[in-house]
Structures are given as C-alpha cells and as structure tokens.
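# Secondary and tertiary structure notes
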Amino acid sequence: MTGKPVLSASASENVVFPDPASPVTMTRRPSAEWASLIAASVPHAPSQGGQRRTVGLACAENGGMETAPPELMQRLDHSGHAVLERRLGGEALAAARDGIGPLLDAAGWGSGFDGSRTRRVWALLARTRCMDRAALDPVVLNTVEQTIGAGAQFSLTYATAVYPGQEAQRLHYEQGIYPLPRDRDVMVTAIWALDDFTAANGATLVAPGSHKQARGKPARSEAIPVEMPAGSVLLFT
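Residues numbered from 1 in each chain as written. Predicted model: local features only at pLDDT ≥ 70, side-chain atom pairs only at ≥ 80, totals over all residues. Heavy atoms only, no water.

Attention now goes to helix α4 (residues 138-148). Extensive coverage of α4 is indicated by the burial of nine of its eleven residues. For α4, every residue scored as buried is listed here: Pro138, Val139, Val140, Leu141, Asn142, Thr143, Val144, Thr147 and Ile148. Backbone nitrogen of Val139 and a side-chain oxygen of the N-cap are separated by 3.1 Å at the start of α4; the cap is Asp137. Remark: Gly149 follows α4 within two positions and exhibits a positive phi of approximately 95 degrees. (Buried < 20%, exposed > 50% of the residue type's maximum accessible area, 1.4 Å probe, protein only. Helix = DSSP H or I, 4+ residues; strand = E, 2+ residues; numbered from the N terminus. Polar contact = N/O pair within 3.5 Å; in protein donor to acceptor, adjacent residues only side chain to side chain.)

This part covers the pairing of strand β13 (residues 233-236). If a strand is regular, its side chains alternate between the two faces of the sheet. Going residue by residue along β13, you find Val233 and Leu235 tucked away on one face and Leu234 and Phe236 tucked away on the opposite face as well. Sheet topology note: the strand β5 (residues 81-84)/β13 ladder contains four bridges and is antiparallel. Directly across from Val83, in β13, lies its bridge partner Leu234. Note that strand β10 (residues 187-193) and β13 share four bridges and pair antiparallel. Note that in β13 the partner of Ile191 across the bridge is Leu234. (Pairing = 2+ DSSP bridges.)

On to the confidence of the model for the chain. Averaged over all residues, the pLDDT of the chain equals 75, while 72% of them reach at least 70. Confidence, read as mean pLDDT per element, is least for strand β2 (residues 25-28) in the chain (24) and greatest for β5 (95). Per-residue pLDDT stays below 50 along residues 15-64; that stretch engages in 248 contacts with residues further than four places along the chain or on separate chains. (pLDDT = per-residue confidence, 0-100. Contact = heavy atoms within 4.5 Å.)

Before going further, it helps to spend a moment on the pattern of salt bridges. Counted according to the given criterion, the structure contains six salt bridges. Close ionic contact of Arg129 with Asp132 constitutes a salt bridge, the shortest N to O distance being 2.7 Å. Looking at Asp132, the relative accessible area reads 25%, which means it is partly exposed. (Salt bridge = Lys/Arg side-chain N within 4 Å of Asp/Glu carboxyl O.)

The next subject is helix α1 (residues 70-79). The set of residues buried in α1 consists of Leu72, Met73, Leu76 and Ser79. Buried positions in α1, seen along its axis, are confined to an arc of 155 degrees and lie on one side of it. Opposite the buried face of α1, at more than 90 degrees from it, the exposed residues are Pro70, Glu71, Gln74 and His78. Tucked into the core, α1 has its buried residues touching β5, α4 and β13. Count one or two residues on from α1 and you reach Gly80, which has phi positive near 90 degrees. (Arc of directions from axis to C-beta.)

This brings us to the nonpolar core. Core analysis: the largest hydrophobic core is formed by 32 residues, its most contacted members being Met131, Trp192 and Leu235. For this core, the elements supplying multiple residues, two or more each, are α1, β5, α2 (90-105), α3 (132-135), α4, β8 (158-162), β10 and β13. Here this core gets six residues from one element, more than from any other, and that element is α2. Judged by nonpolar contacts, the second largest core, of nine residues, contains Ala193, Ala203, Met228 and Phe236. (Core = buried A, V, L, I, M, F, W, Y, C linked by side-chain atoms within 4.5 Å.)

Structure follows, in structure tokens:
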C-alpha cells in the first residue's frame, strides 16, 4: 500500500415503525432476499509508521427520486452488493476530502470492535455539509426505497480513518445489531470511496451471496475486496 490517505463513505437506510408493545420506535427488515450481506469494514493492511491508511465515512440515505438501473437491483439481489462508479467528482470530491480530514485529525482513537488504530467522527451530517451531495444522491436513495420500501431514514452518519497497524474487523452482518431473523432487512449501507479503493490499500471486504444465508457466516476465504475508483459508492444489504 501507499502512504496516500484512502477516503470512503458508508450509508445505512432504515425503515421505522411504531412497536405496539412499546412507545419506543423500532426498526424492521423487508424481505428474505435482502437479508444482510457479510462485510468487513476495516480490512487489514501492513503498518507503515504513523501514516494514515484508510479514511471512511458512513452516511445514511433518505427517500428516493431517480429510478435505480435494473442491472443495479439485479446485482444487489444476486450478490448482495453493487458499485456505482464515480458518482462524486471534481469539486464535490475535493470538498468532501477537505471537510472530513480536519474532523478526523481532531478525533480520538477508537477501541474494541472499532479498532485502536482507528479514528471516527460521529453525527457527520450534523457537523459538515461536505457530504450532502452523497447523502442525497437520487440513485442511491431510490435504490434504498426499492430495497427496503418507502419511508427510509438516516440510521447514522460517521467518518472513519483507519491507520496502518489496524487489524481487520471480523466478518459480520451489518444488520446484526438488530435482534431479528435474517428473512427480512432493515438496512442498506452505502460506502463512498473518496480515494481509490484497492486490495493493496485495504478495500472493504464482502462475501458475495452471503446475504442469502439463513444461518452462520461464510469463511474468510469467501470474502473479496471491493475495488473502486474515488467518487464511487458501494451499496450492500
């Protein structure tokens, strides 16, 4: 890998409904075919001193305007993930890098599952306007709506910087935070690449088809890096 920072963005869409047994708003998942994909969001890369290795941010999308291409929906159904290339570019991409960098530089180190060589900035959309274009991307929003239904809302937004020496997260279902069976979805995640994602610099790992497994987890050997150019977005369920 190189010493060049690698920037990314992730988004999770949720559908909410009132739980009749509780005043607390609960989340629900749609259909079995959209059960969540296994993903490792902090892949391993060899340490190179104190240089930053990977920067990521997670935003959640909301609503829908444009129609997602049929091939995109087919890809999501078949593999559980899909990439839309170069959705951000030029000034928008530069502004995202410039706006997120200082926030991450000022953030403290993480711990536990997040990683001790990782920095995160939470509630990102409340702290900067630099990712508004990504968060409101009409094709992403429509993809979310087609996948989990109308009424999706932001789940959480955050920026992540993964530094050299950070070990990979274990393979996990993003939707595992919800105590629900895998025959339904509550979430679509979008990871925006603000720099090129490559296998060498620690691109996000996914296990194609694992979104259709009723139980268990795929072997590490089944996971592949999602390589994509800067400005692209990875969508997975």
